Every structure is written in C-alpha cells, then in structure tokens.
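In case you want the letters, here they are:
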Amino acid sequence: MIIVLLGPPGSGKGTQAKVLSEKKGWPQLSTGDMLRGAISQGTKLGLEAKTFMDKGELVPDSVVIGLIQERTSATDCQNGYILDGFPRTIAQAQALDELLLSQNKKISGCLYFKIDDQNLVTRLSGRRTCLDCGAMYHITAHLPQKEGVCDSCKGSQLVQRDDDQPEVIQNRLKVYHDQTSPLVDYYDQNSEMVTIDASLTLEEVKNAVWDKLGSW
Ligand code: AMP
C-alpha cells in the first residue's frame, strides 16, 4: 500500500506514521527526517535545506522530489510505504503521480489529519523531539515513561526543534495554508481521501486510522 499522510505540522502525521510502520512493516518516508539527517551529516543538500527549514519555509520542490525518487526505489519500498510530510505542494503531488505512473503503481489512499491552528500552536510549542530517532513527545500531553529519556531508543536528547520556536511556528502554519492545504482538494478529487479528526487523543486517532485502513 502507498499511503499519503496529509495535514498541517503538529497534526500527528509523524506519530501515526510510526505506529503504522511498526504494525504493518511499511517504511515511513518522512522528508523532514531525511532533511534533518542531511543537516546532521553536514552534506551540501543539508546545508542548503537548513536555510529554508530554520525560517519555516519549504525546501525547493526539486530537492524533496529527488529525495523521494531515490528513497522509493529502494527494495524495502517495493511492497508499499507511508508518505509523511510529502507531498507539500501541488507540484510535488504531480511529480509523485508521474513517478508512480512510470512504475505502474498508484496511491492507495490519503489520510487527511484535520485540526485547527490554535490546537497546533499548543502542540508544536510543547513538542520535544528525540535527536537520535525522531520520536516525539509533549511536555504535558505525552511525556516519556522516564523523564528525559526516549521510550523508543533510550536516547537522552529530547529537545525542542529550532522550527518549533513560536515565530517559526507561525510561519510554518502560514506556509501550510498557502502552499499545502490546496492538496486537500487535489486528493479529494484524484484519489480516495479520508478525513481524520486530528484533535482527538493519540489513541483515538490511531483507532480512526486503523478503521479506515481496513477498507482500502
Ligand atoms: P516536518 O518534519 O515534516 O515538519 O518538516 C520540517 C521542515 O522540513 C519543513 O518545515 C520544511 O522546511 C522541510 N520539509 C519537509 N518536507 C518537505 C517537503 N515535502 N517539501 C518542502 N519542504 C519540506
């Protein structure tokens, strides 16, 4: 299955992608994680991407499309994958459609995580991310079992991402509304799309995702 997770930053796409990936064995393809990986390795691509990410802007389409083309050709993607944070523009969605057409594949469905901005600001500003594995926590709503230690990889670097700072959050939301939200109509018209109420608890959202997947 090839599943697109669509929604604003902080809507829980990454968390649900991890759950699905663990349960189903489909790799989670997060362009945000790929870009952060490139930054921590100090590659040229990483350095270029950082200038956009620090401001909450989108990295150029050609860069992320290239990453997805390369990653989806790996052997672990042949039985499907979960797209988390890609596509984020109409041009990216069209490039994905072309790529899949050339491989004789198609998107199985799109899960749209719907949530209002006020909720997102609270979530993003309290978010803590594990520097080692990318797992996400929240200072009130989702604490790790042991304070300061990641439940998944036992790493001890739970930090606030630079782009989860208040001014950058506002810009990321603006960018989402301007450039990414048109994809809601795009997927509603071009493939099977299901809307999930992403303001619910992690467990409730997980159950909703699970219910929908059964019918695809
Ligand atoms: P995320 O971890 O998905 O919230 O992404 C963090 C940042 O990485 C975004 O604010 C963008 O700067 C960049 N990014 C991630 N995915 C994409 C994408 N598909 N297109 C452009 N920029 C992206």
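Numbers given for residues are sequential positions, taken from 1 along each chain in its written order. The predicted origin of the model limits local features to residues at a pLDDT of at least 70 and limits the giving and counting of side-chain atom pairs to 80 or more, whereas totals for whole chains, interfaces and linings rest on all residues. Calculation of side-chain values draws on the structure's entire complement of heavy atoms; hydrogens and water are dropped beforehand.

### Considering the environment of alanine 91
Note the threshold: Counting from the N terminus, the helices are DSSP H or I runs at least four residues long and the strands are E runs at least two residues long. Each residue's exposure class comes from its accessible area (1.4 Å probe, protein chains only) as a fraction of the maximum for that residue type: buried when under 20%, exposed when over 50%, partly exposed otherwise. Between two residues, a contact is recorded if the distance between any of their heavy atoms is within 4.5 Å.
Inspection of the secondary structure puts alanine 91 in helix α5 (residues 90–102). Looking at alanine 91, the relative accessible area reads 37%, which means it is partly exposed. Placed 26 residues apart in sequence, alanine 91 and isoleucine 65 show a C-alpha to C-alpha distance of 9.3 Å. Discounting chain neighbours no more than four positions away, the residues touching alanine 91 are Asp61 and Ile65.

### Some thoughts on the packing of helix α4 (residues 61–72) against α5
Heads up, the rule is: Every axis in this analysis is a line fitted to C-alpha atoms, fitted for helices over the stretch in contact. Angles between the N-to-C directions lie between 0 and 180 degrees. With respect to orientation, any angle under 35 degrees is reported as roughly parallel, any angle over 145 as roughly antiparallel, any angle of 65 to 115 as roughly perpendicular, and every other angle as oblique. Crossing chirality is assigned from the near helix's rotation relative to the far helix, an anticlockwise turn below a right angle marking it left-handed and a clockwise turn marking it right-handed. Residues are grouped as follows: Ala, Val, Leu, Ile, Met, Phe, Trp, Tyr, Cys and Pro are nonpolar; Asp, Glu, Lys and Arg are charged; every other residue, Gly included, is polar.
Between α4 and α5, the least distance of the axes is 10 Å, while the angle of their chain directions is 30°. In terms of orientation, α4 lies roughly parallel with respect to α5. Along this stretch, α4 crosses α5, giving a crossing that reads as right-handed. Here Asp61, Val64, Ile65, Ile68, Gln69 and Thr72 of α4 lie close against α5, whose contacting residues are Ala91, Gln92, Ala95 and Leu99. Across the contact of α4 with α5, the residue classes tally to 6 nonpolar, 3 polar and 1 charged.

### Notes on the packing of aromatic side chains
Definition in use: In this scheme Phe, Tyr and Trp rings, the latter by its six-membered ring, pair at centre separations within 6.5 Å, and the angle between planes marks the pair as stacked below 30 degrees, edge-to-face above 60, and tilted otherwise.
According to the stated counting rule, one finds 1 aromatic pair in the structure shown. Between tyrosine 186 and tyrosine 187, the aromatic rings sit 5.3 Å apart at their centres with planes inclined by 85°, giving edge-to-face as the arrangement. Judged by relative accessible area, tyrosine 186 falls into the buried class, the value being 13%. Taking relative accessible area as the criterion, tyrosine 187 reaches 1% and is therefore assigned buried.

### Overview of the nonpolar core
Quick reminder of the rule: For our purposes a nonpolar core is just a set of buried Ala, Val, Leu, Ile, Met, Phe, Trp, Tyr and Cys residues, chained together by side-chain atoms within 4.5 Å.
Leu35, Leu83, Leu96 and Tyr187 are the most contacted members of the largest nonpolar core, which totals 31 residues. Among residues more than four places away in sequence, those in contact with leucine 96 are Val4, Leu83, Phe86, Pro87, Ile107 and Tyr187. With 20 residues, the next largest nonpolar core counts Leu5, Leu20, Leu124 and Leu173 among its residues.

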